[in-house]
Amino acid sequence: MPGALGIGLLLLWGSACLWLASPAQGDLLIPGQDGPFKETGDPARTQQKRSTADVTVEVYSVTVDCTVTSRFSHTVMTSKALNKANVSQEIFFEVDLPKTAFITNFSMEIDGQVYVGEVKEKEKAKKQYEKAVSSGKTAGLVKVSGRKMEKFSVSVNIAAQSNVTFVLTYEELLQRKQGQYEILTRVKPKQLVQEFQIVANIYEPQGINFVDAHATFLSNDLLPLVEKTVSEKKAHISFSPTLEQQRKCPGCDGSLIDGDFLIKYDVNHDTRLGEIQVVNGYFVHFFAPPGLPRVPTNVVFVIDRSGSMYGTKIQQTREAMLKILQDLKEDDYFALILFDDKIVSWKKTLIKATKENVAEAMSYIRRLSDRGGTNINDAVLKAVEMLLTDKAQNRVPERSIDMIILLTDGMPNEGESNPHRIQENVRSANNGSMSVFSLGFGNDVDYSFLNVLSQQNKGLARRIFTGSDAALQLQDFYEEVSSPLLSEVNVRYPDNAVDFLTTNHFSQLFNGSEIVVAGHLTDNNLDNFLVEVIAQGCEENFQVQGKASALDWGTIYPDEEYIFGDFTERLWAYLTIQQLLEKSKSGSQDEKSNATAKALDMSLQYSFVTPLTSMVVTKPEDEDKPDSTLIANKLTEEERQQAERTGHYSTLSTPSYRFTSAAPTYLVDGDPHFIIELPDRDDALCFNINDQPGTIFNLVKDPKSGVLVNGQIIGDKQIPPDGKINTYFWRFGIIQQRLGVRLEVSTKSILVLQDGKRVRLQWSNTTTLKRDNMDLLLTKDRSLTVTLKDSVKFVVLLHKVWKNHPYHQDYLGFYTLDTHLLSPSVHGLLGQFYHGIEYEVTNVHPGEVPEKPDATMYVKGQELNVTRGWQRDFRRDVKNGENVPCWFIHNNGTGLIDGDASDYIVSGLFKTF
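Residues numbered from 1 in each chain as written. Predicted model: local features only at pLDDT ≥ 70, side-chain atom pairs only at ≥ 80, totals over all residues. Heavy atoms only, no water.

Caption draft 1: Expanded view of the overall build of the protein. A count of helical and extended segments in the protein gives 13 helices and 53 strands. Going through the 913 residues of the protein one by one, you find that 59% of them count as buried. Contacts in the protein between residues at least 24 apart in sequence constitute 69% of all its contacts with a sequence separation of at least 6. Accessible area for the protein stands at about 36,900 Å²; split by element, carbon and sulfur atoms hold 46% of it. (Helix = DSSP H or I, 4+ residues; strand = E, 2+ residues; numbered from the N terminus. Buried < 20%, exposed > 50% of the residue type's maximum accessible area, 1.4 Å probe, protein only. Contact = heavy atoms within 4.5 Å. Areas by Shrake-Rupley, 256 points an atom, 1.4 Å probe, with all protein chains shown as cover.)

Caption draft 2: Broad picture of empty space enclosed by the protein. Counted under the stated rule, the structure contains four cavities of 30 Å³ or more. Each pocket or cavity is described by its volume, and for the largest cavity that value is around 100 Å³. As for the largest cavity, its lining consists of Phe-301, Val-302, Ile-303, Ala-320, Met-321, Ile-324, Ile-405, Leu-407, Leu-439, Leu-474, Phe-477 and Tyr-478. When residues of the lining of the largest cavity are traced back to their parent elements, those giving at least two are strand S20 (297–304), helix H3 (312–327), strand S24 (401–408) and helix H8 (470–481). Classifying every residue of the lining of the largest cavity by side-chain character gives 12 nonpolar, no polar and no charged. (1 Å grid on protein atoms, 1.4 Å probe; cavity = no way out; pocket = protein on both sides within 12 Å on 5 of 7 lines; lining within 4 Å. Points joined across faces, edges and corners; volume = space filled by probe spheres on them. Nonpolar A, V, L, I, M, F, W, Y, C, P; charged D, E, K, R; others polar.)

Caption draft 3: Spatial organisation of the sheet that holds strand S31 (residues 530–536). Taken together, four strands build an open sheet; the order of strands is S29-S27-S31-S32 and the sheet is antiparallel. The sheet is open, and its two borders are formed by strand S29 (505–510) and strand S32 (541–547), each paired with just one other strand. Across the sheet, the axes of successive neighbouring strands diverge by a mean angle of 25°, strand direction being ignored. Note: S31 against S32, seven bridges, orientation antiparallel. The partner of Ala-535 across the bridge, within S32, is Phe-542. (Pairing = 2+ DSSP bridges. Axes fitted to C-alpha atoms, helices over the stretch in contact; angles between N-to-C directions.)

Caption draft 4: View of the confidence of the model for the protein. Considering every residue of the protein, the mean pLDDT works out to 82; 86% of them sit at 70 or more. Segment residues 1–54: pLDDT under 50, and 254 contacts once partners within four positions in sequence are set aside and those in other chains are kept. Considering only residues more than four positions removed or in separate chains, one finds that residues 647–662, a stretch of pLDDT under 50, has 71 contacts. (pLDDT = per-residue confidence, 0-100.)

Structure below.
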């Protein structure tokens, strides 16, 4: 792909994207000689405009088609592109989809040939995946992408003047929360698309109560383009801006479409029995009876105040608890237990949530501070004991619901520290009397432990992300569970009429939620299909009976060709698999094994990509190349958490600052300046490394793949008038140990050593050097592209200054391509960022210079003061570069890089220490 430049073309649902692999991907770029903040405008406001004259891939169609039938969502995302270049090019396709969804199909059509994915057992697919990686082929991956989404990614090599069509399909059961269902589309085209359309059709036989459609990017001009048609039982929403309507400004190439497109709706809940639908022998029962009074709660808040809660976490916990206490109803009873290595109860018993008691509790919470270790076991057991005692001694109402809300950010390390014994202790003490809700704060918490702890005690676990909105996350969770309507809900059907029933006993029904049960009719005879729901209510027991009747879909939707006639069966399968996956995490070993086996069988039968299966697509190549194998896996919550711990993705975005880039890019040069461009975040980080001329830094070190890159800096010719000596990279040493390749690239020449042979190339020539394991492309006085077989690619830029310049000297820029081919253990001043970096920027406020606001950055457990500034991207304009806004980390990148800058100094150009 010589000469191609990278383009970022985000396309579909959940910031789907398509881009061309090229020397611009994963590059290490050079800003100018004018320092980190040479600006031509306000970096906090300016949008970058980049030329599209050299774009050689045309994405001409992007469509998202979502059909929701009785809460079951079926989404098809289609993207079409044309390789307009005269050479083949690798195109990447990325889509963000909800983490609760199961991929059901993926296909590629290349010049009329269709390649369709096959769902296989994950272990069996693993060998194909490993073969794909070892052969240098890019395997498709699913990675974490924020809190609610995960990123599906594949790549394929497309011949010159060829078309490719990507189609991805997924399904999910929408969950009702706080009185509504939600469909989220994250839209980031980042280029103008000839045909761009989002369409959602919602079919709800219960009747539609309301539908709202909103997008974060909707201006007054775009708002009328959201078309919404709502009838009694159907809603149609569409958004299809023309190419001109997508433009950010007249004549420019930037797109206005950048943000979340959100559809919220609810259905009518008119009957106490709920709604039952039967299609092709499978039924689904939705239960959310109207008009029920709230049941009072007895809640014990168990709050971690150990040392790891220091700083922002304890502050956000205080903030959330103050709001939660204000939201307590006066007929509720509550208690506070704080724990570190010691257990402290605010009161000896639960007390009524009167205004006076709440005010006293708020005063107590305001003094909450961190200290000590983490004794989860004794803290939760204390809460259980308090609730059991108060219930036995009639200190709380008889008809009330007992719950414990545990908030912790760490592993148990005081008292009983074995997670399994803690789980057993709590389950034994509780004996099904109350619900335990666990909130895991941050990345260090053992979420798997908390999840099982809650499952075993009629509750659920939830992760709280350490962002600026953590307090709001805590409040939202409490709002979900603070208004129970029923407890011990049993949904009964005749034993001789149904089989394969999903869970039909529920500990609680909360206001704004919904119970869903599905199953199979043994003889499809509805005459005997009687339904009964029994539960405990606020003042008396709840009991309702009724007879199910089948809906005539042809009568309800006479003008629709019903495309999803088996939706009840697939809904049943989806729900069954989800429940089996939960059961596989707790219980005896036999119970866990049986649940896992059943979930695997059903995943394969219904072609769902679950944590037990993988989607495999094999695209035959020509006779000189092995087949391309693309793999899509499903992440567990534990795998998502591990990705966050290792910094492989960013949890939050900073939407106030946007720029356009094709792929993560790593820049260094000038004084020397480093930039980490992160297109997934629409953001960039930058820092300087200052040292004495002659110092050699390690930039990339990957022992597993054998890749090593070191760079040496050189100083100005003489001291400038301002007294500051600038330094630049002027020499790079590149090693690929396994291939026996060694390169020394300087501003004077390029020396190639391989298999005992030495070749010297001069910057004054344009030439190509092809070897078995390496290709070199030298463009006169401009760039050197190094392609290592089945491995990473590098591009080195030559920056020539005026020969008689009194101070400055020629210098080099270094670009890294295909960073995904390096192992997770890659490190170095640049290498440590190749797999992403987790951070959050908050509290943006005016800095010393009005055009350069300051902010607070949370990264790697530290709180840094950062400044908005500029660096230069020289990919398209080697002479002048293009300004890129970024967050500047002061003091040699302290807090952002691992360790200290001096830790990366090495003794020689080809040395590792």
